[in-house]
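Structural features, examined
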Amino acid sequence: MGTKLCNLNIYNPEKKSYTLDSDYTVVHIAEDWDTVLEAESNMDFKKIEKAAKTISKEIGEPVIVVIYFDDDIFELHATIDGKIAGFYRINQGTYSKGVPKLIEALRLDDSDAKAFRYLVKKEMDAYEAISNISAISGLPLFADMILYNEARDELIPDKAEVLDNIKQEKKKNKIKANKPELLMELPGAIVEHHIDVIDGRIIKTVEPDTDGIDYGKIHCYQVIPGSEPTLKRIHDNIIPFTEITDCPADTNIWVLYHKASEFRPNGEVLFLQPPCFSPYETDDKDDISAIKMMFRVPEEKYIADAYELLSESDIKLKKDDYPDGYYFASGRKVNGKDLIIVGASKYVHIYDKDMNRLASYGIKGTYYRWFYDNNDLYIITSTIIHGANDRGMNPTDRVRMYKISLEV
C-alpha cells in the first residue's frame with residue numbers, strides 16, 4: 001500500500017481567523033500560507049473538503065485542497081466561496097477543469113503558470129505530479145504531520161530542477177506529427193465498470209440520445225472486418241441505475257466489485273457516485289450474481305470473425321528502451337523490418353529497432369484498444385474512460401477509431 005494523506009493550503013498573510021476543529025493542526029512552511037494538516041492520520045477526505053468550503057467562505061480566500069491515496073490518486077482542488085472552482089486529478093487517467101482558477105488560487109506568476117499548464121497536460125504518475133506541482137507552486141502539497149515532524153525543511157521540492165526538466169522535455173519532445181486516418185467517430189465515451197469482465201472482443205460506450213444521458217444504457221460493440229474495420233453494435237446492457245440507487249438517469253455511476261474475502265465471504269458490490277458517495281451497496285450473494293449478469297453479453301450475440309482487440313507484440317522488447325510517459329509499446333515486423341510502436345500522451349511514434357523515430361501521428365483521446373491487420377495499426381480512443389472518480393460525460397466527448405500505416 002502507498003502513501004495516503006490530505007491537507008489544505010490557505011494564502012493568509014493577514015492572519016485571518018477561521019473555523020477549524022481539533023482534528024487539524026495549522027503549520028507554517030511557505031511564506032504567507034497556512035498549511036492545515038490532520039493532527040492524526042485519519043484520512044477523512046470528505047471532512048477536509050467540507051472544511052475547505054467553510055474556510056473559503058469565512059475568509060474570502062481560495063483554499064487549496066490536496067487528496068493523495070495509495071500513490072495512485074492525486075487530486076488538487078481550488079475551493080472558492082464554498083465551491084470547487086478548478087481541479088486537477090490523476091485517477092485512472094488525467095483530468096482537469098478550471099485550470100485558470102487553479103492558477104489564480106495558487107498565485108502563480110506568468111512563468112510558473114506556463115510550467116503548471118505544461119504539467120497538467122503531461123502524463124505523470126501521482127507522486128511525480130504532486131512533487132512537480134509542489135515545486136512550481138512553492139507549497140507543501142505532499143505533507144502530513146508525520147512528514148512535517150520528520151522533514152519539515154524538505155517538503156517543497158527544488159523548483160529550478162523541475163523547470164529545467166520541463167525545458168529539456170520540451171526540447172526533446174518537439175515533434176512534427178502526421179495526421180492518422182480517422183475511420184469512425186461516435187458521440188459519447190467508453191465505459192469500463194470494475195464488475196465487468198475484461199473482454200478483448202468488446203468495447204462498451206455510453207452515448208447521449210434525444211433524452212440526454214442515461215448511464216445505465218451501455219452499448220456493446222465489436223470491431224468487424226470489411227474493406228476497413230468497423231465498429232458494429234451487437235448488444236445493449238441495460239443497467240437500472242435509477243431503480244437501484246434512486247438517482248436520476250444522468251447521474252454518473254460507477255460499479256465497483258470487491259472479490260470474496262475473509263471479511264466479505266460473498267464479495268461486495270458498490271454503486272459509486274464520484275468522488276466517493278455510494279447510493280447503493282450489497283454483499284448479498286444473489287444480488288451480486290444478478291448485477292453481474294446485467295453486464296454480460298450473451299455469447300450468441302458475438303460476431304465470430306470480429307477482431308481480437310488485445311494485440312500482443314510479435315517482437316521481444318526491452319522495456320528500459322521505451323521513452324518516458326508511454327501508454328503502450330508493441331513490436332511489429334513490417335516488410336522485413338522490426339518496428340517499435342509506442343503510444344504516448346498525444347502521439348503514436350514509430351521507431352526502428354534502434355529506437356530511431358521514423359514517424360509520429362497525432363491522436364486525440366485516451367487509448368483504449370489497439371490491434372493490427374497486416375501492415376496497418378488500428379487504435380481506438382475515448383475522450384475519457386468512464387470509471388471511478390471521473391468527471392462524467394460532456395457533449396463533446398467522442399470515441400474514435402484511427403488507422404495508421406506502418407509502411408514507413
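Let me sum up the structure you'll find in this document. Every value quoted in this text rests on a predicted model; they were computed, and no experiment measured them. (Residues numbered from 1 in each chain as written. Predicted model: local features only at pLDDT ≥ 70, side-chain atom pairs only at ≥ 80, totals over all residues. Heavy atoms only, no water.)

**Focus on the packing of aromatic side chains**
For any two aromatic rings, the description comes down to two numbers: the centre-to-centre distance and the angle of the planes. Inclusion rule: In this analysis, rings of Phe, Tyr and Trp, with Trp reduced to its six-membered ring, are considered paired at centre separations within 6.5 Å, and the interplanar angle assigns stacked below 30 degrees, edge-to-face beyond 60, and tilted for intermediate values. Only runs of H or I of at least four residues qualify as helices and only runs of E of at least two qualify as strands under DSSP, and these elements are numbered from the N terminus. A simple rule labels every residue: compare its accessible area, found with a 1.4 Å probe on the protein chains alone, to the largest value its type can have, and call it buried under 20%, exposed over 50%, or partly exposed in between. Placement of a charge over a ring requires the Lys NZ or Arg CZ to be within 6 Å of the ring centre, with the centre-to-atom vector within 35 degrees of the ring normal.
Enumeration according to the criterion identifies 12 aromatic pairs in this entry. Plain terms: the ring middles of Phe 328 and Tyr 367 are 5.3 Å apart, the flat faces sit at 85 degrees to each other, and that makes the pair edge-to-face. With a gap of 39 residues between them, Phe 328 in strand β16 (residues 328-334) and Tyr 367 in strand β20 (residues 366-373) connect regions that are remote in the sequence. Assessed through its relative accessible area of 3%, Phe 328 is described here as buried. Each ring, one from Phe 328 and one from Trp 370, has its centre 3.9 Å from the other, and the planes form 20 degrees; the classification is stacked. With Phe 328 in strand β16 and Trp 370 in strand β20, this residue pair connects regions lying 42 residues apart in the sequence. An aromatic cluster of three or more residues is present, and its members are Tyr 68, Phe 74, Tyr 88, Tyr 127 and Phe 142. Positioned above the aromatic ring of Phe 69 is the side chain of Lys 4, whose terminal nitrogen or guanidinium carbon lies 5.5 Å from the ring centre. One Lys or Arg, Arg 107, reaches over the ring of Tyr 11 and ends 3.7 Å from the middle of that ring.

**Some points on the nonpolar core**
What counts is decided by this rule: Nonpolar core, defined: a set of buried Ala, Val, Leu, Ile, Met, Phe, Trp, Tyr and Cys residues in which side-chain atoms within 4.5 Å join the residues together. Whether two residues touch is decided by their heavy atoms; if any such pair falls within 4.5 Å, the residues are in contact.
Phe 74, Leu 76, Tyr 88, Phe 116 and Ile 133 are the most contacted members of the largest nonpolar core, which has 36 residues in total. Counting only elements with at least two residues in this core, the list comes to β1 (4-11), β4 (63-69), β5 (73-80), β6 (83-90), α2 (99-106), α3 (110-121), α4 (126-137) and α6 (159-173). For Ile 133, the contacting residues outside a window of four places in its chain are Phe 74, Leu 76, Tyr 88, Phe 116, Leu 119 and Leu 141. Counting 20 residues, the second largest nonpolar core, distinct from the first, contains Tyr 215, Ile 239, Val 255 and Phe 271.

**Concerning the packing of α2 against α3**
To keep things clear, this is the line we draw: Here an angle of 0 to 180 degrees is reported between the N-to-C directions of two axes, which are lines fitted to C-alpha atoms, with helices fitted over the stretch in contact. These descriptions rest on fixed angle ranges, namely under 35 degrees for roughly parallel, over 145 for roughly antiparallel, 65 to 115 for roughly perpendicular, and the rest for oblique. Each helix crossing is assigned a hand: it is left-handed if the near helix lies turned anticlockwise from the far helix by less than a right angle, otherwise right-handed if that turn is clockwise. Residues are grouped as follows: Ala, Val, Leu, Ile, Met, Phe, Trp, Tyr, Cys and Pro are nonpolar; Asp, Glu, Lys and Arg are charged; all remaining types, including Gly, are polar.
Look at α2 against α3: their axes get within 11 Å of each other, and the N-to-C directions meet at 135 degrees. Comparing their axes, α3 and α2 come out oblique. Along this stretch, α2 crosses α3, giving a crossing that reads as right-handed. Between α2 and α3, the contacting residues are Val 99, Leu 102, Ile 103 and Leu 106 on the first element and Ala 113, Phe 116, Arg 117 and Val 120 on the second. Split by residue class, the contact of α2 with α3 holds seven nonpolar, no polar and one charged.

**Considerations on empty space enclosed by the protein**
The condition is simple: A cavity, in this analysis, means grid points on a 1 Å lattice covering only the protein atoms where a 1.4 Å probe fits yet has no way out; a pocket is instead an open set bounded by protein on both sides within 12 Å along at least five of seven lines, and a residue lines either one if it has an atom within 4 Å of a point. Grid points are joined across faces, edges and corners, and a volume is the space filled by probe spheres set on the points.
What the rule picks out here adds up to one cavity of 30 Å³ or more. A volume near 50 Å³ is recorded for the largest cavity. Taken together, 10 residues make up the lining of the largest cavity; nearest its centre are Val 191, His 193, Asn 252, Ile 253 and His 386.

**Remarks on α4**
Using the following cut-off: Working rule for helices: expected span equals 1.5 Å times residues minus one. Within 3.5 Å is the distance limit for a polar contact, defined as a pair of N or O atoms, with the added protein rule that one can donate a hydrogen and the other accept it, and that residues adjacent in sequence qualify only through two side-chain atoms.
Helix length check: α4 (12 residues) gives 16 Å between terminal C-alpha atoms against 16 Å at 1.5 Å per residue, within 8%. Burial of α4 is extensive: 10 of the 12 residues sit out of reach of the surface. Of all the positions in α4, only Ala 126, Ala 129, Ile 130, Ser 131, Asn 132, Ile 133, Ser 134, Ala 135, Ile 136 and Ser 137 are classed as buried. For α4, the capping residue at the N-terminal end is Asp 125, with a side-chain oxygen 3.3 Å from the backbone nitrogen of Tyr 127. In the segment just after α4, Gly 138 is the residue with positive phi, at about 70 degrees.

**Some thoughts on a negative patch on the surface**
Convention followed: Note on patches: the residues involved have over 30% relative accessible area and no salt bridge, like charges join within 9 Å, and the nonpolar side chains Val, Leu, Ile, Met, Phe, Trp and Tyr join within 5 Å. All accessibility values rest on the Shrake-Rupley procedure with a 1.4 Å probe; residue burial counts only the protein chains present in the view. The term salt bridge refers to a side-chain nitrogen of Lys or Arg lying within 4 Å of a carboxyl oxygen of Asp or Glu. For the purpose of counting charges, residues Lys and Arg are taken to be positive, whereas Asp and Glu are taken to be negative. His and the chain ends are not included. By convention, the charge on Lys lies at NZ, on Arg at CZ, on Asp at CG and on Glu at CD.
Judged by side-chain charge, Glu 281, Asp 283, Asp 284, Asp 286 and Asp 287 come together as a negatively charged surface patch. With respect to the element layout, Glu 281 can be found in strand β15 (residues 277-282). A relative accessible area of 43% places Glu 281 in the partly exposed class.

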